[in-house]
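# Analysis of the macromolecular model
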Amino acid sequence: MSSSQNIYLEKTPNQPKHIGIIMDGNGRWAKLRGKRRIFGHEAGVLKARELVETAVRIELEALTLYAFSSENWSRPKKEISGLMSLFEKTIEKYTSLLIDNNVRFKTAGDPSMLPKILKRKLEQMESITSENTGLKLTLAIAYGGQQDIINGIKCLIDDHENQVIDINTMTVESFEEYLSFKDLPKLDLIIRTSGETRLSNFMLWQSAYSEIHFTETLWPNFEEQEFLEILQSYSQSERRFGNIDEDIELKEA
Ligand code: FPP
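In short, a report on the structure. Bear in mind the structure is a predicted one, so any value in this text is a computation, not a measurement. Numbering of residues starts from 1 in every chain and runs along the sequence as written. Per-residue local features of the predicted model are confined to residues with pLDDT of at least 70, and side-chain atom pairs are confined, for both listing and counting, to 80 or more; whole-chain, interface and lining totals are unaffected and use all residues. For side-chain calculations, the full set of non-hydrogen atoms in the structure is used, while hydrogens and water are omitted.

## Digging into the nonpolar core
Nonpolar cores were defined as sets of buried Ala, Val, Leu, Ile, Met, Phe, Trp, Tyr and Cys residues, with membership established by side-chain atoms within 4.5 Å. Throughout, exposure labels follow a simple rule: accessible area from a 1.4 Å probe, protein chains only, divided by the maximum for the residue type, with under 20% read as buried, over 50% as exposed, and the rest as partly exposed. In this structure, I19, I21, L63, L65, L137 and F227 are the most contacted members of the largest nonpolar core, which totals 39 residues. Put simply, DSSP marks the helices as runs of H or I at least four residues long and the strands as runs of E at least two long, and each gets a number from the N terminus on. The element contributing the most residues to this core is helix 3 (residues 77-100), with six residues. Those residues in contact with L63, other than ones at most four positions away along the chain, are H18, I19, I21, L51, V52, A55, L135, K136, L137 and T138. In terms of nonpolar packing, the next biggest core, distinct from the first, is built from 12 residues, I22, L187, I190 and F202 among them. Working rule for contacts: check all heavy atoms of both residues, and any pair within 4.5 Å makes them a contact.

## Brief notes about the pattern of salt bridges
Definition used for salt bridges: Asp or Glu carboxyl oxygen within 4 Å of a side-chain nitrogen of Lys or Arg. Summed over the entire model, instances satisfying the criterion amount to 14 salt bridges. Salt-bridge contacts for D183 lead to K106; the nearest nitrogen and oxygen are separated by 2.9 Å. Remark: K106 occurs in strand 3 (residues 104-108) and D183 occurs in the loop between helix 6 (172-176) and strand 5 (189-192); sequence separation between them is 77 residues. The network of salt bridges with common partners includes D24, R28, R192, E196 and R198.

## A few points about the packing of helix 3 against helix 4 (residues 116-128)
For helices, the fitted line uses only the C-alpha atoms of the stretch in contact; every axis is such a line through C-alpha atoms, and the angle between N-to-C directions lies from 0 to 180 degrees. Here helix 3 crosses helix 4 at 15°, and the two axes come no closer than 10 Å. Our classification of the angle between helix 3 and helix 4 gives roughly parallel. Here helix 3 runs over helix 4; the crossing is left-handed. Note on element contacts: helix 4 touches helix 3 through I117, L118, K121, L122, M125 and I128, opposite M84, F87, E88, I91, E92, T95, L98 and I99. Looking at the contact of helix 3 with helix 4, its residues break down into 10 nonpolar, one polar and three charged. The labels follow the angle: roughly parallel below 35 degrees, roughly antiparallel above 145, roughly perpendicular from 65 to 115, and oblique for the rest. For any helix crossing, the convention is left-handed if the near helix is rotated counterclockwise from the far helix by under a right angle, and right-handed if that rotation is clockwise. Each residue is assigned to one of three groups, with Ala, Val, Leu, Ile, Met, Phe, Trp, Tyr, Cys and Pro labelled nonpolar, Asp, Glu, Lys and Arg labelled charged, and all others, Gly among them, labelled polar.

## A few points about the site of the ligand
The near set for a molecule or strand comprises every residue that places at least one heavy atom within 4 Å of it. Close contacts around the ligand come from 17 residues, with G27, R28, R37, A67 and R75 the closest. Polar contacts, as used here, are pairs of N or O atoms within 3.5 Å; protein pairs need one atom able to donate a hydrogen and one able to accept it. Residues neighboring in sequence count only if both atoms are side-chain atoms. One nitrogen or oxygen atom from the main chain of N26 is found 3.2 Å from an oxygen atom belonging to the ligand. Contact between the ligand and R28: an oxygen atom at 2.7 Å from a main-chain N or O atom of the residue. Using the Shrake-Rupley algorithm and a 1.4 Å probe, accessible areas are obtained, with residue cover drawn only from the displayed protein chains. In the complex, 90% of the free accessible area of the ligand, which totals 610 Å², lies under the protein chains. Using a grid of 1 Å spacing that covers the protein atoms alone, one calls a set of points a cavity when a 1.4 Å probe fits there but cannot get out, and a pocket when the set is open and has protein on both sides within 12 Å along at least five of seven lines; lining residues are those with an atom within 4 Å of a point. To qualify as sitting in a cavity or pocket, a molecule needs more than half of its atoms within 2 Å of the grid points. Of the pockets mapped on this structure, the ligand occupies the largest pocket. For the shell around the ligand, the secondary structure elements donating two or more residues are helix 1 (26-32), helix 2 (37-57) and helix 3. Ranked by the residues each element gives to the shell around the ligand, the list is headed by helix 2, at five residues.

## Examining the layout of surface pockets
Approximately 760 Å³ is the volume attributed to the largest pocket. Along the walls of the largest pocket sit 38 residues, with M23, Y66, A67, F68 and F87 positioned nearest its centre. For the lining of the largest pocket, the secondary structure elements donating two or more residues are helix 1, helix 2, strand 2 (62-69), helix 3 and strand 4 (136-143). With eight residues, helix 3 is the single largest residue contributor to the lining of the largest pocket. Class assignment of the residues belonging to the lining of the largest pocket gives a composition of 21 nonpolar, nine polar and eight charged. Grid points are joined across faces, edges and corners, and a volume is the space filled by probe spheres set on the points.

Written out as structure tokens, the structure is:
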């Protein structure tokens, strides 16, 4: 699609309900500018803010941002502490933005290794925004899809042993009750920036039927226009699917 094509910022009929974003490329973006990696992460936060505002304007139902994976704990200590204090500042800075925009904020992941102060701020943000009825924003932090499934299985076994449920009657839908994101619409679309073409442990269970869009753009360079183009292409591909069905019906008639 030509980048000069004007895309209106409005809700479209086939708009995805739930989008997950793997925000990748902050480090390379900073390196290209001869700066430290944290500079790229700071630019990444500004981009995430822009995207949340866009999501609110197009009335997206749910947005999940992958901010820190279980595997990211193996990064250099200095980068981890820089990221943790950036997350803390971000929560503080954007609380009123989320409140003003009626955003309901939640986290997914294992908070046990997060700094106590960050953990507390995340909990406060969840609590303050819990009654909001607009965009459901989830920050996947210290999150891993495999770990989430294992955790779900452990809770399931507990419930089975306590006779809360009967494991033999388990279905896909009833197992989802043991996983993160259980109260969100199905994950329709995943976007990963920076040219890497893998899921990196992001929403493994929930991505079973998701469309996946990979873009070469580094996260801090990801513009609203590109996001809207991806949404437009998503809704067109949904419509094409309908047309193919009609064609097949005509041929078979
Ligand atoms: C990937 O870049 C990004 C991360 C590890 C997570 C940090 C993300 C942000 C700071 C953006 C948004 C944050 C919030 C709180 C909404 P990378 O370091 O893997 O980049 P590289 O692959 O180029 O090295």
